[in-house]
Amino acid sequence: KAIRILRGQVNTHHSMMVNVSRFTGVQNTLRDLILEDIKAKREAINNYSGLPEDIALQNSIILQLQDVFVGKKYPTLEPLDRPAAFAATGFTWKEVQGALKASVGPIEVISINRKGSGILDYSRDNYPDGRSLIAVGGLGLSRGLTLQGLIVSYFLRNSIMYDTLLQMGRWFGYRDNYADLCRIFMTTLSQSWYFHIAEAIEELREDFREMWREDM
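An account of the accompanying structure is given in this report. These figures come from a predicted structure and were not determined experimentally.

## Considering the sheet that holds strand β2 (residues 108–112)
Piece 1. The strand order β2-β3-β1-β4-β5 describes an open sheet built from 5 strands, whose pairing is parallel. Looking at which strands have only one partner, the edges of the open sheet turn out to be β2 and β5 (183–186). Across this sheet, the average inter-strand angle for adjacent strands is 15°, counted without regard to direction.
Piece 2. As judged from the 5 bridges shared by β2 and strand β3 (residues 132–137), these two strands associate in the parallel manner. When the sheet's bridge partners are listed, Glu108 is paired in β3 with Leu133.
Piece 3. Contacting β1 (14–19), β2 and β3, helix α2 (residues 24–48) crosses the sheet at an angle of about 175° to β2.
Piece 4. Against the sheet, helix α7 (residues 188–213) touches β4 (150–155) and β5, its axis set at about 115° to β5.

## Notes on the pattern of salt bridges
Piece 1. Applying the stated criterion to the full structure yields 10 salt bridges.
Piece 2. The partner of Lys41 in a salt bridge is Asp37, with the nearest N and O atoms 2.8 Å apart. Separated by 4 residues within a single helix, Lys41 and Asp37 lie in helix α2, roughly one turn from each other.
Piece 3. Residue Glu210 is joined to Arg213 by a salt bridge in which the shortest nitrogen-to-oxygen separation is 2.8 Å. A residue pair is termed a helical-turn pair when its members lie 3 or 4 positions apart in one helix, as Glu210 and Arg213 do in helix α7 at 3 residues.
Piece 4. Because the salt bridges share partners, they merge into one network encompassing Glu202, Arg205, Glu206, Arg209, Glu210 and Arg213.

The rules behind these values
Residues numbered from 1 in each chain as written. Predicted model: local features only at pLDDT ≥ 70, side-chain atom pairs only at ≥ 80, totals over all residues. Heavy atoms only, no water. Pairing = 2+ DSSP bridges. Helix = DSSP H or I, 4+ residues; strand = E, 2+ residues; numbered from the N terminus. Axes fitted to C-alpha atoms, helices over the stretch in contact; angles between N-to-C directions. Contact = heavy atoms within 4.5 Å. Salt bridge = Lys/Arg side-chain N within 4 Å of Asp/Glu carboxyl O.

Written out as structure tokens, the structure reads:
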């Protein structure tokens, strides 16, 4: 999000999805844990991000964020057309550090389920400056909902049903000018299912092309 701010993408939506279990109790517990983590990061950023870089990096949380920025913490696990490091976006760590406070300040953590109070609302009437949220859910996030400005997906739910996988693929929506920042964390097994359905869809398209060529 800090990089999007540096790109001038302000007054817009920023979202993260966490989908690990269909049980609402697990989702709400995870929501509370994430909220505590965000509070710790917000406190560290508020206290240290405005300091000179060498002093700020003495804080463990600021140092962890820099590790993510340069690609140390989450190196790419599969061949991609883009590098894992956010440093490849062309901004320096000093610039990103300076944008962290504006980035973390308004982040909400909500659970999307029948026992949670979170509502997936992105209306301009309620959020004229855009909304920044981490949405934790299960079935409620498996029905093709589009999380606007989705940047990060942490996904452990599994399905082998084609229609369910296709619905889940709609989470991202449009990614104008920030597709290179998006990250997906999922199991190797889930990844293999998405590869499989992509191949199946392409085979179906080729069947249609062949039928068209044969005037069928």
